[in-house]
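Here is what each chain is made of, one letter per residue.
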Amino acid sequence: MKNIRLIRVDDRLIHGQVVTSWITQTGSKKIMIIDDELYENEFLKDVFAAAAPRGIPVEVMNVDHAVQEWKLNEFNGEQVLILLKKVDALKRLYEQGLYFDSVQIGGLASGPERKPVVKAIGLSEQDAIDLNFLSEYGVNVYFQSMPGEKEISLETVLGKHFKHIKKN
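This write-up is about the structure you can find in this document. Here the structure is a predicted model, which means the values were calculated and not measured.

### What to know about the overall build of the protein chain
Here is step 1: Looking only at helices and strands, the protein chain has seven helices and nine strands in total.
Here is step 2: As displayed, the protein chain has an accessible area near 8400 Å², and 50% of this comes from carbon and sulfur atoms.
Here is step 3: Put simply, the protein chain has 21 plus and 24 minus side-chain charges, and the middle of one group is 7 Å from the middle of the other.

Shown next, in the form of structure tokens:
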């Protein structure tokens, strides 16, 4: 797992924060976007590749392909920053065998089915259940938009906004 420098759920994917902060802070040499819908869209793949800093390649995979590549060669040992748009894709990665120790929730827009829980982060009931599932398997789930901001634990978020979801 040492070559996976950071796994981040952020529905904006590559944007100013990722480009200027997280790549440098994590020492990542590659951005890997794991998203089933984006994987099917050649135009948007090119847009995101162009948004990355010079010299940082971007690869887009769907969940199944990412798990297969991990099991086959652990992403060739490259130091990667993994970005996902959706919590359910993160859970599917884990369930299919791409195990990880921690995940950063960095940006999920609030909306009709999501309530704001932390600055720039909203969670749906299902998101909270899925993140709790990962936590029960020992994954450190934390919320942090920018480097330098204090990490907020899943336990804190659940206790404040989803008290009915029992943390084991």
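### A closer look at unusual backbone geometry
Here is step 1: Its identity is not glycine, yet Phe75 carries a phi of approximately 60 degrees, on the positive side.
Here is step 2: The topology assignment puts Phe75 in the loop between α4 (63-73) and β4 (80-84).
Here is step 3: The exposure class of Phe75 is buried, given its relative accessible area of 3%.

### Observations regarding the nonpolar core
A general trend in soluble globular proteins is that nonpolar side chains are found buried together.
Here is step 1: In this structure, Leu131 and Phe143 are the most contacted members of the largest nonpolar core, which totals 39 residues.
Here is step 2: Top element by residues in this core is helix α5 (residues 87-95). It accounts for five residues.
Here is step 3: In this structure, Leu131 is in contact with Val87, Leu90, Ile105, Leu123, Val141, Phe143 and Leu154, ignoring residues within four places of it in sequence.
Here is step 4: In this structure, Leu6, Ile31, Ala52 and Tyr142 belong to the second largest nonpolar core, which totals 16 residues.

### Regarding the side chain of Asn62
Here is step 1: Note on placement: Asn62 falls in the loop between β3 (58-61) and α4.
Here is step 2: A distance of 2.7 Å separates a polar atom in the side chain of Asn62 from the backbone nitrogen of His65.
Here is step 3: Not counting the four nearest positions on each side in its chain, Asn62 is found in contact with Ile34, Asp35, Asp36 and Tyr39.

### Focus on the sheet that holds strand β1 (residues 4-10)
Here is step 1: The seven strands are arranged β3-β2-β4-β1-β5-β8-β9 in an open sheet whose pairing can be described as mixed. Each having just a single partner strand, β3 and β9 (152-153) make up the two edges of the open sheet.
Here is step 2: Looking at chain direction, β1 and β4 are connected through five bridges and run parallel. Bridge pairing in β4 links Leu6 to Leu81.
Here is step 3: Sitting on the sheet, helix α1 (residues 16-26) is in contact with β1, β2 (30-34), β4 and β5 (102-107), with an inclination near 150 degrees to β1.

### Some points on the pattern of salt bridges
Here is step 1: What the rule picks out here adds up to twelve salt bridges.
Here is step 2: In this structure, Lys30 and Glu78 form a salt bridge, with 3.1 Å as the shortest nitrogen-oxygen distance. With Lys30 in strand β2 and Glu78 in the loop between α4 and β4, this residue pair connects regions lying 48 residues apart in the sequence.
Here is step 3: Given the relative accessible area of 9%, Lys30 is considered buried.

### Topic: the packing of aromatic side chains
Here is step 1: A full pass over the atoms with the stated rule returns five aromatic pairs.
Here is step 2: Taking 5.2 Å as the distance between ring centres and 55 degrees as the angle between the ring planes, the aromatic pair formed by Trp70 and Phe75 counts as tilted. Across the pair, exposure class does not vary: Trp70 and Phe75 are buried alike.
Here is step 3: Taking the centre distance of 4.9 Å and the plane angle of 55 degrees together, the rings of Phe133 and Tyr137 count as tilted.
Here is step 4: Members of the aromatic cluster, each reached through a chain of ring pairs, are Tyr94, Tyr99, Phe100, Phe133 and Tyr137.
Here is step 5: Positioned over the ring face of Tyr39 is Lys45, at 4.8 Å from the centre of the ring.

### Things to note about the pairing of strand β8 (residues 140-143)
Here is step 1: Here β5 runs beside β8; their pairing, made up of four bridges, is parallel. Counted as the bridge partner of Ser102 is Asn140 from β8.
Here is step 2: Summarising the sheet, β8 and β9 pair through two bridges and their orientation is antiparallel. By the bridge assignment for β9, Tyr142 is matched with Ser153.

What counts, and where the lines are drawn
- Residues numbered from 1 in each chain as written.
- Predicted model: local features only at pLDDT ≥ 70, side-chain atom pairs only at ≥ 80, totals over all residues.
- Heavy atoms only, no water.
- Helix = DSSP H or I, 4+ residues; strand = E, 2+ residues; numbered from the N terminus.
- Areas by Shrake-Rupley, 256 points an atom, 1.4 Å probe, with all protein chains shown as cover.
- Lys, Arg positive; Asp, Glu negative; His and termini not counted.
- Charge placed at Lys NZ, Arg CZ, Asp CG, Glu CD.
- Buried < 20%, exposed > 50% of the residue type's maximum accessible area, 1.4 Å probe, protein only.
- Core = buried A, V, L, I, M, F, W, Y, C linked by side-chain atoms within 4.5 Å.
- Contact = heavy atoms within 4.5 Å.
- Polar contact = N/O pair within 3.5 Å; in protein donor to acceptor, adjacent residues only side chain to side chain.
- Pairing = 2+ DSSP bridges.
- Axes fitted to C-alpha atoms, helices over the stretch in contact; angles between N-to-C directions.
- Salt bridge = Lys/Arg side-chain N within 4 Å of Asp/Glu carboxyl O.
- Phe/Tyr/Trp six-rings, centres within 6.5 Å; stacked < 30°, edge-to-face > 60°.
- Lys NZ or Arg CZ within 6 Å of the ring centre and 35° of its normal.

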